[in-house]
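One-letter residues, chain by chain:
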Amino acid sequence: MGLAALVTLIKAGASFGAALTAVYGGIGSLALRLGAGFLLNRAAAAIFRPDAPSFGTLPQADIRRELQFPRERPAYRFPYGRFRVTCTPVPYPVIGDLAYGAFLASSRESAGPFDVYIENQKINFTGDPYDFAGPGAVAADGPYRNYIRFWIGRGGHTSPPQWYLDNAGYFQGGDPLRWKRSDAGQGRTVVFVVMDHGPQDTAQQRWASAVPLIELEGPWMAVWDPRDPAQTFEDKSTWQFRDDPFLCALDLATQNPFRPYRAENLMIDLFRDAADVAEHRVPLKNGGSEARYRCAGVIVLNGPELEDLLQPFVAAGAGRTIDLGGQLGIVPGVWREPVAEITNSLGGVAFSAIRPDEERFSEIRVQYTSETRDYSPAELQPWTIPQPEGVVATGGVMSLDLSMVPSATQAMRIRNIRGKENAAQKTLEVMALPHEAADMMPGSIGIANLPEPYGSRMNGSYEVVTIGHTADLVGDNGFAMRSPIAFRELSEDVYAWNPFEDEEDVFDPPASLPPGAVQLPGEISVETGNTVNLNTGGTIIPRIKYTFGPSSSGGVTGYEVQSSVSGNEAWVNEGFVSVPDPEPTGGGPFFGTEPSTSEPAILSGFIQSAAGELRDLRVRAVASGGASDWRQIDEVASVVSIVLAAPTVGSPIPGTGEISVSYTAPNSNEAKSIEVWGSDSDDVGLGDMLTTIPVTNAQQVSYTETGLTSGQTRYYFARSRGDFGNASAFTASISETAL
């Protein structure tokens, strides 16, 4: 029988325990075994924990902890973004000293590729873990060297690895836990791991836990992106990996197996617009940039309402979900331009100038999931919510769970948005005129411009909370239709962010390193511009200067530096930064020198890069015993700024159906060409570039525009062009009329 029969019984409604007994003939035979002399033979009640109620809504750290334990019904889970996912063991056979294990990572197909972690240690390997016909991948170092062999099925596999079938395949009368070809976990992401007990005297170093903790880290779900014309909702093979929280929310809404939304019940255009907002790059204090909003984590579908499961994505995008006539939409955390102005209210207004006491928070505290700390929980510094003048906060501390946010700086931006939203006090309810409310929906921004006596206290920008449209059969005041709207105060300042003023320093060391591991170097900062570029007297070489703090590990000999074009992981070595010798502090020739007590040196270097080209940069510490993981900064570009003078303008000359213009280049080596633009009006913004003429110092050039009609007046503009895309201002216009 085997796992296929087990799955069939569960689908038919049998409990896991009953199905196990029916398939395997007794609960005692279900122990998960890890080799002779290392047997987990406890009763099933001790192995399979009772299902925790609705742990799909728990923070990611709790979800990761819960998923490592076998359960009667393995949790149905969707991992999103780039994340380290805890795998759940399923019953597997032990033959001699070898356990032929399987661990469920995702209930869906996944993008990959993945790194494998066992007991929090990354497994370096040789071989191909995705080739199910071959021998798989074998651990290459550490305590698991040659004692771990594994395969990763990303959902497209149709059977267990051939190695399993050859060495642990089922036969009539054999152990029912042996593997059949149908025991594939097809459509799921599964790790197949052969675990060798090995010599008894070293086994405890490898198998400290009866059932090892197996984790996969990498890019998870491919999702549908309605912005991409090459993707279709019906063909999942066209989908691509995205960590955009709004596209992931759309995926969960449409792909959950319990209550999937149909297209007609979703405002797809809102998800499309929100995805653009999320993927917009925002600057960082260190000179790099990152996507405005990303998500990373696991959604477990075992109880909560779907709308509740969507909230971690909404929180990761500082947004909110909306419902309009039974259609689900989403509003991202970004300022939206006002769509309407409210100038009147039929039947008065309801207004509050201040929130209730319990809603006026003084401080906000945030927990997020740090991708630089092995996706473990991290907290930002408590942030004091700025209150309007005369308002006293009485509601205590606001707690914000951002456990699907992998970036500290993203969490900071969301924290500030939510805090400033809370500081906005006013609410307004009006019965709007139909034509003023026609373009509004929940999440829209409206401007209240009411007459006195309302205006001085109530006017300003507001967000629509609820809106309706009602009919008045009597038609009082000449309006048979009216629209009740509830607003809350919201201004553009809520979303203002200056990384140099608002971004705080974060101490984010890795959460778990194996003994003796080399610590990461410090955060990377970059500098670009003319002070960094190399000027050889006639040629400018664009460069990026990087700086970083040293690793806290002893014995570090230097730092390896690599870069790649952003989005292309073809890394290029950029050199090796040696550790500077410590400066002596005294001691004399007989007693040597004492260690320096000064602050650790900041290390730096340069890489050459084409001007404007986005590059990713990474650094790792190197010691005699190994190297750290990489510290990385994304999307930095060199900048070359050249001040160019505009050309000198000559007099235009009319001709039959043509006009000639002349210009003199600046007396500078920096000017390489002159662009000539023409327009039918005295506005270069409405013109077109007619030609580009190469020039040398102070060279006079001319251009004749032909094909004109008699009496046609044309306006001409010119500017100097230099290297690296630099340009001067445009000249003042000159005009002439063709003969």
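Residues numbered from 1 in each chain as written. Predicted model: local features only at pLDDT ≥ 70, side-chain atom pairs only at ≥ 80, totals over all residues. Heavy atoms only, no water.

Visitor: Honestly, the overall build of the protein chain in this entry has me stumped. Any pointers?
Guide: The number of helices and strands found in the protein chain is 14 helices and 48 strands. Put simply, of all contacts in the protein chain between residues at least 6 apart along the chain, 67% involve residues at least 24 apart. A total accessible area of about 33,700 Å² is found for the protein chain, and carbon and sulfur atoms account for 51% of it. (Helix = DSSP H or I, 4+ residues; strand = E, 2+ residues; numbered from the N terminus. Contact = heavy atoms within 4.5 Å. Areas by Shrake-Rupley, 256 points an atom, 1.4 Å probe, with all protein chains shown as cover.)

Visitor: Even after reading the chapter, I still don't get the sheet that holds strand 31 (residues 524–527), so can you show me in this structure?
Guide: Each strand in a sheet pairs with its neighbour through backbone hydrogen bonds, running either in the same direction (parallel) or in the opposite one (antiparallel). Reading across from one edge, 31-34-37 is the order of the 3 strands in this open sheet, with antiparallel pairing throughout. Since the sheet does not close on itself, it has two edges, and those belong to strand 31 and strand 37 (603–608), each with one partner. Between one strand and the next, the sheet's axes are offset by a mean angle of 25°, whatever the strand orientation. Note: strand 31 against strand 34 (residues 543–548), 4 bridges, orientation antiparallel. Counterpart to Glu-527 in the pairing with strand 34 is Lys-545. (Pairing = 2+ DSSP bridges. Axes fitted to C-alpha atoms, helices over the stretch in contact; angles between N-to-C directions.)

Visitor: Sorry, what's going on with the nonpolar core here?
Guide: If you look at the biggest cluster of nonpolar residues, it comprises 60 residues, and the most contacted ones within it are Tyr-80, Leu-252, Phe-313 and Leu-402. Broken down by secondary-structure element, the contributors of at least two residues to this core are strand 1 (77–80), helix 7 (245–255), helix 8 (268–279), helix 9 (306–316), strand 19 (327–331), strand 22 (363–370), strand 25 (397–402) and helix 10 (408–423). Once residues within four sequence positions are removed from consideration, Leu-252 is found in contact with Phe-78, Tyr-80, Ile-299, Leu-301, Leu-306, Leu-309, Leu-310 and Phe-313. If you look at the next biggest cluster of nonpolar residues, it comprises 45 residues, including Ile-118, Ala-168, Ala-203 and Val-300. (Core = buried A, V, L, I, M, F, W, Y, C linked by side-chain atoms within 4.5 Å. Buried < 20%, exposed > 50% of the residue type's maximum accessible area, 1.4 Å probe, protein only.)

Visitor: Looking at this structure, how should I read unusual backbone geometry?
Guide: Phi is mostly negative for residues that are not glycine, and the peptide bonds are mostly trans. Going from Gly-112 to Pro-113, the amide bond is cis rather than trans, its omega being 0°. Along the polypeptide, Pro-113 turns up in the loop between strand 5 (98–106) and strand 6 (115–118). One non-glycine residue, Ala-318, lies in positive phi territory at about 50°. Relative to the helices and strands, Ala-318 is located in the loop between helix 9 and strand 18 (320–324). According to the relative accessible area criterion, Ala-318 is buried, its value standing at 2%.

Visitor: Help me understand the packing of helix 7 against helix 8 in this model?
Guide: Think of two packed helices as two axes; the pair is described by the angle between the axes and how far apart they sit. As a packed pair, helix 7 and helix 8 sit with axes 7 Å apart at the nearest point and diverge in direction by 145°. Facing helix 7, whose interface residues are Pro-245, Phe-246, Leu-247, Ala-249 and Leu-250, helix 8 presents Ile-268, Phe-271, Ala-274, Ala-275, Ala-278 and Glu-279. Of the residues belonging to the contact of helix 7 with helix 8, the class tally is 10 nonpolar, no polar and 1 charged. (Nonpolar A, V, L, I, M, F, W, Y, C, P; charged D, E, K, R; others polar.)

Visitor: Just to check I follow, could you spell out the pairing of strand 37 for this structure?
Guide: Each regular strand carries side chains that alternate between the two faces of the sheet. Of the two faces of strand 37, the one lined by Leu-603, Gly-605 and Ile-607 is fully buried and the one lined by Ser-604, Phe-606 and Gln-608 carries no buried residue. Sheet analysis places strand 34 next to strand 37, joined by 6 bridges and oriented antiparallel. Following the sheet pairing, Lys-545 is matched in strand 37 by Phe-606.

Visitor: Is there a simple way to explain the sheet that holds strand 45 (residues 688–694) in this structure?
Guide: A sheet is described by the order of its strands in space; here 4 strands give the open sequence 45-44-47-48, paired in antiparallel fashion. Edge positions in the sheet fall to strand 45 and strand 48 (734–737), since each of these pairs with one other strand and no more. Taken over all neighbouring pairs, the strand axes of this sheet differ in orientation by 25° on average, direction set aside. Examined bridge by bridge, strand 44 (residues 673–679) and strand 47 (residues 713–721) share 7 bridges and lie antiparallel to one another. Residue Ile-674 lies in a different strand from strand 47, and its bridge partner there is Ser-720.

Visitor: I keep staring at the side chain of Arg-543 and nothing clicks. Help me out?
Guide: Mapping Arg-543 onto the fold places it in strand 34. The contact partners of Arg-543, leaving out residues within four places of it in the chain, are Thr-528, Val-532, Asn-533, Leu-534, Phe-606, Ile-607, Gln-608 and Ser-638.

Visitor: Help me understand helix 7, please; the structure alone is not making it clear to me.
Guide: Residues spaced three or four apart along an α-helix point in a common direction, a consequence of the helix completing one turn every 3.6 residues. The buried fraction of helix 7 amounts to 11 of the 11 residues, a majority that puts the element mostly inside the structure. Within helix 7, the full set of buried residues consists of Pro-245, Phe-246, Leu-247, Cys-248, Ala-249, Leu-250, Asp-251, Leu-252, Ala-253, Thr-254 and Gln-255. With a side-chain oxygen positioned 2.8 Å from the backbone nitrogen of Phe-246, the residue opening helix 7 is Asp-244. (Polar contact = N/O pair within 3.5 Å; in protein donor to acceptor, adjacent residues only side chain to side chain.)

Visitor: Could you clarify how one ought to interpret the pattern of salt bridges in this entry?
Guide: What the rule picks out here adds up to 34 salt bridges. Across the salt bridge formed by Glu-463 and Arg-320, the nearest N and O atoms sit 3.0 Å from each other. With a gap of 143 residues between them, Glu-463 in strand 28 (residues 460–467) and Arg-320 in strand 18 connect regions that are remote in the sequence. Between Glu-463 and Arg-488 there is a salt bridge; the shortest N-O distance is 3.2 Å. One end of the pair, Glu-463, is in strand 28; the other, Arg-488, is in strand 30 (residues 481–489), with 25 residues separating them in the sequence. Here Glu-463 falls in the buried class, since its relative accessible area comes to 1%. With a relative accessible area of 30%, Arg-488 lands in the partly exposed category. A cluster of three or more residues bridged by salt bridges with shared partners is formed by Arg-320, Arg-336, Arg-418, Glu-421, Glu-463 and Arg-488. (Salt bridge = Lys/Arg side-chain N within 4 Å of Asp/Glu carboxyl O.)

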